Amino acid sequence: MVKRAGLIAVLLLCVSHAYAQKKNFTYHFYGQVRGDLFYNSRANGEIVDGLFHLYPKDHDFDADGNDLNAQANGSFYLLYSRLGLDLGGPSVGSFHTSAKLEADFRGTSTSFALLRIRHAYIQLSNERSSFLIGQTWHPFFGDVHPEMLNLSTGAPFNAFSRAPQFRYRHTLGEWQFTGTALWQLQYLSTGPAGKSESYMKNSCIPELHAGADYKQGGFRLGAGAQMLSLKPRTHNMVDGKTYKIDERITTLSFEAHAGYKTKDWSVSAKSTLGSNMTHTCMLGGYGVTSMDGRTGEQRYTPFRISTTWLNVIHGQRWKQGVFIGYLKNMGTGKDIIAQYGTGLDVGQLVTANVQLSYNLPHWKWGMEYSPSIGWFGTADKRGKIGDTHTVTNHRVLCVMMYMF
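Residues numbered from 1 in each chain as written. Predicted model: local features only at pLDDT ≥ 70, side-chain atom pairs only at ≥ 80, totals over all residues. Heavy atoms only, no water.

Asker: Explain the sheet that holds strand 23 (residues 338-342) here, please?
Answerer: Remark on secondary structure: sheet strands pair via backbone hydrogen bonds, oriented parallel or antiparallel. Pairing within the open sheet is antiparallel, and its three strands lie in the order 20-19-23. The open sheet has two free edges, formed respectively by strand 20 (298-302) and strand 23, since each of these has just one partner strand. Averaged over all adjacent pairs, the angle separating strand axes in this sheet is 25°, with direction ignored. The pairing of strand 19 (residues 284-291) with strand 23 spans five bridges and is classified as antiparallel. (Pairing = 2+ DSSP bridges. Helix = DSSP H or I, 4+ residues; strand = E, 2+ residues; numbered from the N terminus. Axes fitted to C-alpha atoms, helices over the stretch in contact; angles between N-to-C directions.)

Asker: Where do I start with the packing of aromatic side chains in this structure?
Answerer: What characterises a pair of aromatic rings is the spacing of the ring centres plus the angle enclosed by the ring planes. Following the criterion strictly, the structure yields 21 aromatic pairs and no others. Among the aromatic residues, those joined into a cluster by ring pairs are Phe 52, Trp 137, Phe 141, Phe 160 and Tyr 187. For the cation-ring pair, Arg 162 lies above Trp 137, with the distance from its terminal atom to the ring centre recorded as 4.8 Å. (Phe/Tyr/Trp six-rings, centres within 6.5 Å; stacked < 30°, edge-to-face > 60°. Lys NZ or Arg CZ within 6 Å of the ring centre and 35° of its normal.)

Asker: Looking at this model, I keep getting lost on unusual backbone geometry. Mind explaining?
Answerer: Glycine aside, residues mostly have negative phi angles, and peptide bonds mostly take the trans form. The linkage connecting Ala 155 with the following residue, Pro 156, adopts the cis geometry, with an omega of 10°. Among the secondary structure elements, Pro 156 is positioned in the loop between strand 8 (129-137) and strand 9 (162-172). A positive phi angle is found at Val 48, which is not glycine, with a value near 55°. Mapped onto the elements of the fold, Val 48 is located in the loop between strand 2 (44-47) and strand 3 (52-56). Exposure remark for Val 48: the relative accessible area of 4% places this residue in the buried category. In this structure, Thr 153 is a non-glycine residue whose phi angle is positive, near 50°. Checked against the element boundaries, Thr 153 lands in the loop between strand 8 and strand 9. Note on Thr 153: relative accessible area 14%, which makes it buried. (Buried < 20%, exposed > 50% of the residue type's maximum accessible area, 1.4 Å probe, protein only.)

Asker: What exactly am I supposed to notice about the environment of Leu 344 here?
Answerer: Within the secondary structure, Leu 344 sits in the loop between strand 23 and strand 24 (346-360). Taking the relative accessible area as the measure of exposure, Leu 344 reaches 8% and is therefore buried. In this structure Leu 344 touches Gly 284, Gly 285, Phe 303, Asn 329, Gln 339 and Ile 385, once residues within four positions along its chain are discounted. (Contact = heavy atoms within 4.5 Å.)

Asker: So what exactly am I meant to see when it comes to the confidence of the model for the protein here?
Answerer: Per-residue confidence for the protein averages 93 on the pLDDT scale, and 95% of its residues sit at or above 70. Across residues 1-20 the pLDDT falls below 50, and counting only partners more than four positions away or on other chains, this stretch makes zero contacts in the model. (pLDDT = per-residue confidence, 0-100.)

Asker: How should I be thinking about the side chain of Lys 100 in this particular structure?
Answerer: Within the secondary structure, Lys 100 is located in strand 6 (residues 95-104). Within the local environment of Lys 100, its side chain forms a polar contact with the side chain of Asp 86, the two groups lying 2.8 Å apart. The residues contacting Lys 100, other than those within four sequence positions of it, are Tyr 30, Leu 85, Asp 86, His 119, Ala 120 and Tyr 121. (Polar contact = N/O pair within 3.5 Å; in protein donor to acceptor, adjacent residues only side chain to side chain.)

Asker: I keep staring at the nonpolar core and nothing clicks. Help me out?
Answerer: Inside soluble globular proteins, nonpolar side chains tend to come together where they are buried. Of all hydrophobic cores here, the largest spans 31 residues; its most connected members are Leu 51, Phe 52 and Phe 160. Of all elements in the fold, only strand 3, strand 21 (304-314), strand 22 (318-329), strand 24 and strand 26 (385-403) reach the threshold of two or more residues within this core. No other element matches the four residues that strand 26 contributes to this core. Of all hydrophobic cores here, the second largest spans nine residues; its members include Leu 228, Leu 230, Tyr 300 and Tyr 340. (Core = buried A, V, L, I, M, F, W, Y, C linked by side-chain atoms within 4.5 Å.)

What follows is the structure in structure tokens.
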């Protein structure tokens, strides 16, 4: 009897302790139901079966001279409906604790309508410092990014990726400094085996980023630098014999951004010089400069892609906006014999975006028209495209969102 009473007392103590812990937490459940209806006048480099548009594809003529890519397409999807939970927890010393878990129905690769993690992280923060561990936006996406209805959010002119990471931020007056180590999971680099996590996994070196921002009122100015080191292959087969090889490509990328916000206006811009940024839905990759005749071991050099964009938004209930993006493929700077990447046949790209939306506290209806012009031609020995002709896609998007 005494043992039973003691067991009941222990159980009651555990329950009361768990209840006391729960009282120190706050929960905010949120989400949205989103529908995207879109039309493209031709085939495009794209993700998620056309929901995520990048650039118009070059001509591809059949035996009769008909352009196979001059084919209109469109559809209606609700894959980016989402659910999320923001959690506030008990303090640890001077640090407040919080967490976020958010998912949508994007799925992975070509498997759509499956639950997918968007954000999943814990954070400790006080007035000056914050530590984040988990998956969230890539630093090159940043706090300054285009506001538009298209899910691409400015890609391939602005980086778009969410990645597992360790991030530290320190605030000193109007200055904010950020250092991040990142890995790859859902957004992957391109290489000899296509898109794969193995290039970073075998590298054993995370992607490294450092950035600084100056903020005062609605004004923000900043810059960042990124280093990415990958191992494209660890072995190779030549004439039926397998050889262990030691390959690596290390690249540096840079960006600078500015933004200004008031109650009715938002003006933002960013310029990026990217090297092998395919894991952020940008164009680029790398070329092979030499190959060992016996083992097939290769040496690499990156393509350099320059992008710049400007975004202006006005209004509250009725919002009007314009986005203009420009991309230039600057080649590799060295002679190459092979290449791996995304959109390396594009010499230049210009995309404009005009949007109009009607916004209520829990509703949004909107429409965008987005012409995109790509310059194509013959590549020289360094992968630089000699512009000879243009190809244009006309994209129309209608969006409905119910947010809760």
